[in-house]
Amino acid sequence: MAAQPPSYKTLASLSRMNLLYQLQSRGTMTVNDLAEAAGLHHNTAREHLDRLINEGFVTCAPEPRDSKGRPKMLYSAADGVSTELGSIRSRKIAAAQERADQLRRILPLLPAGQGFAGCSGPAAQRQLDALDDHLDQAGFDASIAANREQVNLRDCPYSEMVKDHPEVCGVHYRLIQGVLEQADGPLRAVGLNLINAPHLCVIDVAAVSDASESEKSARIADAGSCEVGQNIIHGISRL
């Protein structure tokens, strides 16, 4: 049996998914608040958070304070774009592109920049490389749809978890949005359609062409949170 990729092993834990869900839906929290929200002992929560941090899904920073003493550590979902030199998310994007470039040199099957309709160039290709790598590491079987406007996700590896915890779909959707944003290009994930979940789910992908579309995409990304995602995530009545 092949070894499971690290991202899959991290996200296959319901406790870690719950912690990530709390951070995505409620914002920055302390470990004690997170532990209470997730129903975990704070030491257990901290161990799970360390795993999420190591995979680049969560960030941690000390609470700003003027007084002496040890500050509280604040945890956040890794949303937006990380510009910190050598950050985990930046390194993952660079590694994904390097692996894809090596593969294209060996097997030049797909011309660079031709993944999605109306969108070409190295920036879009970098995003596709990052997304493909993320989905592969997370255990998904993914492919670009025939209309070149969507990504098909088949046979969800988290199907058993999703049965009782549909919010997991929203967590993964936010991660996909984050990967495309971090890779810094024109593509944005703007919808998740649970057509025949868990056998087939479809991610709508659109190219941002101007400032107004960029602002719209940012609002869509915010709306994709697990609390208010019903206009974006179809087929789930509770997120």
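For the structure, check the block above.
Predicted, not measured: the structure shown is a model, and the values here were computed from it.

(A) Local environment of the nonpolar core. Grouped together as the largest cluster of nonpolar side chains are 48 residues, with contacts concentrated most on L49, Y158 and I203. Ranked by residues supplied to this core, first place goes to helix α8 (residues 167-182) with 7 residues. Discounting chain neighbours no more than four positions away, the residues touching Y158 are S7, Y8, L11, A12, A138, F140 and H172.

(B) The pattern of salt bridges, seen in detail. All chains considered together, the criterion is met by 4 salt bridges. Across the pair R174 and D79 runs a salt bridge, and its minimum N-O distance is 2.8 Å. Here R174 is found in helix α8, whereas its partner D79 is found in the loop between β3 (73-77) and α5 (88-106), with 95 residues between them in sequence. Judged by its relative accessible area of 9%, R174 is buried. K163 is the salt-bridge partner of E160, the closest N and O atoms lying 3.0 Å from each other. Separated by 3 residues within a single helix, E160 and K163 lie in helix α7 (residues 159-164), roughly one turn from each other. Exposure class is identical for E160 and K163. Each is exposed.

(C) Local environment of helix α3 (residues 31-38). Within the span of α3, buried status applies to V31, L34, A35 and A38. The buried residues of α3 occupy an angular sector of 100° when projected down its axis, which confines them to one face. Among the residues trailing α3, G39 stands out with phi positive, at a value near 70°.

(D) Highlighting empty space enclosed by the protein. With the rule as written, the count across this model stands at 2 cavities of 30 Å³ or more. If you add up the space inside the largest cavity, you get close to 280 Å³. Lining the largest cavity we find 21 residues, and of these F57, R89, K92, H134 and V179 sit closest to its centre. Every element with two or more residues in the lining of the largest cavity is listed here: α5, α6 (122-137) and α8. The element best represented in the lining of the largest cavity is α8, accounting for 5 residues. The residue inventory of the lining of the largest cavity, partitioned by class, reads 8 nonpolar, 7 polar and 6 charged.

Definitions and cut-offs
Residues numbered from 1 in each chain as written. Predicted model: local features only at pLDDT ≥ 70, side-chain atom pairs only at ≥ 80, totals over all residues. Heavy atoms only, no water. Core = buried A, V, L, I, M, F, W, Y, C linked by side-chain atoms within 4.5 Å. Buried < 20%, exposed > 50% of the residue type's maximum accessible area, 1.4 Å probe, protein only. Helix = DSSP H or I, 4+ residues; strand = E, 2+ residues; numbered from the N terminus. Contact = heavy atoms within 4.5 Å. Salt bridge = Lys/Arg side-chain N within 4 Å of Asp/Glu carboxyl O. Arc of directions from axis to C-beta. 1 Å grid on protein atoms, 1.4 Å probe; cavity = no way out; pocket = protein on both sides within 12 Å on 5 of 7 lines; lining within 4 Å. Points joined across faces, edges and corners; volume = space filled by probe spheres on them. Nonpolar A, V, L, I, M, F, W, Y, C, P; charged D, E, K, R; others polar.

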